[in-house]
Amino acid sequence: MSWANGSEPIGRGDVLVVDEAGMIGTWQMDRVAAKMREIGAKLVLVGDPEQLQPIEARTLFRGLVADHPAARLTEIHRQREDWQRTASRDLAEGRMAEAESAYADHGALRPAATRDEAIEALAETYAMDAAANGADKSRLAFTHRRRDVHALNQAIRETLRPADQPREEVPLHTETGPRAFDAGDRLVFGRNDRELGVKNGMLGDVVAVSHEEMTVALDGDAPRQVTFDPRSYRHFDHGYTVTIHKSQGATVDQAYVLASGSMDHQLTYVAMTRHRDALTVFTSDADRPRWAQSQPEPSRARARARDGPAMG
């Protein structure tokens, strides 16, 4: 956009680092690379070819990594438990059954008969964690489809609210439809805004809300509040749940995933690797992803118990 508007933010000898490069399509990557060659600057691409793929045609980053030397990160830091790190590596390398088995062994796969039952179970688990740990731990739910995001947001919000607490909700019109907000609600921003200092995917807690003004305390190590007019900036929603696409790059202590039949390997890999401490996956019989259609294979832990310790 800067180049199109006549601005030249990058000069000869500069280094441009592009994160999440696996999500960039062929034509966009070609335009950026050609411009960098013209300027005489260096282009560094950082990404994971097994995570979410470009909307545009072709998976160029995957081809670049396969055909040219690349520096690779091999040690997993996000998950704190060794077995979870192993499961994340299994997910990255396409061994879905092994990863599923590991989480099943630790009680982290929660089957339900229907989608509504799975949503209710996720909301209750989220609320129990919030009651036990409060702000000491971060938590977020993930799912693929927007309709599931809305259903989960409403279910979690209702489950968190004490039955005897009076409602002081303010109805607002957002880009995703009519929403009601109250102080204490979680909120996610849906579009970058330089004046506000917010980016798409940023999360926070609503401090105060009216029809003319909303104040949000942003998540992060450095406390910061933003105030805006919800009549003019309408790109926000409840922030208890986000789509898996919006979650790529996010890290939370506790993650909850509502799985669906629309989730492929890449979506599952991203959704099941956002957590530091704990992950719980909720499925329903009527809408299972392909990797959850059958019972998990015996896990490494069960295999070792049966066959004895591994050598090496």
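Located above this text is the structure these notes cover.
Rules used in this analysis
- Residues numbered from 1 in each chain as written.
- Predicted model: local features only at pLDDT ≥ 70, side-chain atom pairs only at ≥ 80, totals over all residues.
- Heavy atoms only, no water.
- Axes fitted to C-alpha atoms, helices over the stretch in contact; angles between N-to-C directions.
- Helix = DSSP H or I, 4+ residues; strand = E, 2+ residues; numbered from the N terminus.
- Parallel < 35°, antiparallel > 145°, perpendicular 65-115°, else oblique.
- Left-handed = near helix turned anticlockwise from the far one by under 90°.
- Contact = heavy atoms within 4.5 Å.
- Nonpolar A, V, L, I, M, F, W, Y, C, P; charged D, E, K, R; others polar.
- Expected span 1.5 Å × (residues − 1).
- Buried < 20%, exposed > 50% of the residue type's maximum accessible area, 1.4 Å probe, protein only.

Quick question: what am I supposed to make of the packing of helix α5 (residues 115–133) against helix α6 (residues 146–160) here?
The relative placement of two packed helices is expressed as an angle between their axes plus a distance between the axes. Relative to each other, α5 and α6 sit at 45°, their axes nearing to 9 Å. Judged on the interaxial angle alone, α6 and α5 are oblique. Every pair of crossing elements has a handedness; the one defined by α5 and α6 is right-handed. Every residue of α6 that contacts α5 at Arg115, Ile119, Leu122, Ala123, Glu124, Tyr126, Ala127 and Ala130 is listed here: Arg147, Asp148, Ala151, Leu152, Ala155, Ile156, Thr159 and Leu160. Looking at the contact of α5 with α6 residue by residue, the classes come out as 11 nonpolar, 1 polar and 4 charged.

Sorry if this is basic, but what is going on with α6 here?
Residues spaced three or four apart along an α-helix face the same direction, because each turn holds 3.6 residues. Between its terminal C-alpha atoms α6 stretches 21 Å, which fits the 21 Å expected from 15 residues at 1.5 Å a residue. Those residues of α6 lying buried are Asp148, Val149, Leu152, Asn153, Ala155, Ile156 and Arg157. On its buried face, α6 sits against α5, β4 (139–143), β6 (177–181), β11 (236–238), β12 (241–243) and β13 (252–258).

Is there a simple way to think about the packing of helix α3 (residues 82–92) against helix α4 (residues 96–105) in this case?
Between α3 and α4, whose axes approach to 7 Å, the crossing angle comes to 155°. Relative to α4, the element α3 is oriented roughly antiparallel. Where α3 crosses over α4, the two elements pack in a sense that is left-handed. Together, Trp83, Gln84, Ala87, Asp90 and Leu91 of α3 and Met96, Glu98, Ala99, Ala102 and Tyr103 of α4 make up the contact between the two elements. Residue composition of the contact of α3 with α4, by class: 7 nonpolar, 1 polar and 2 charged.

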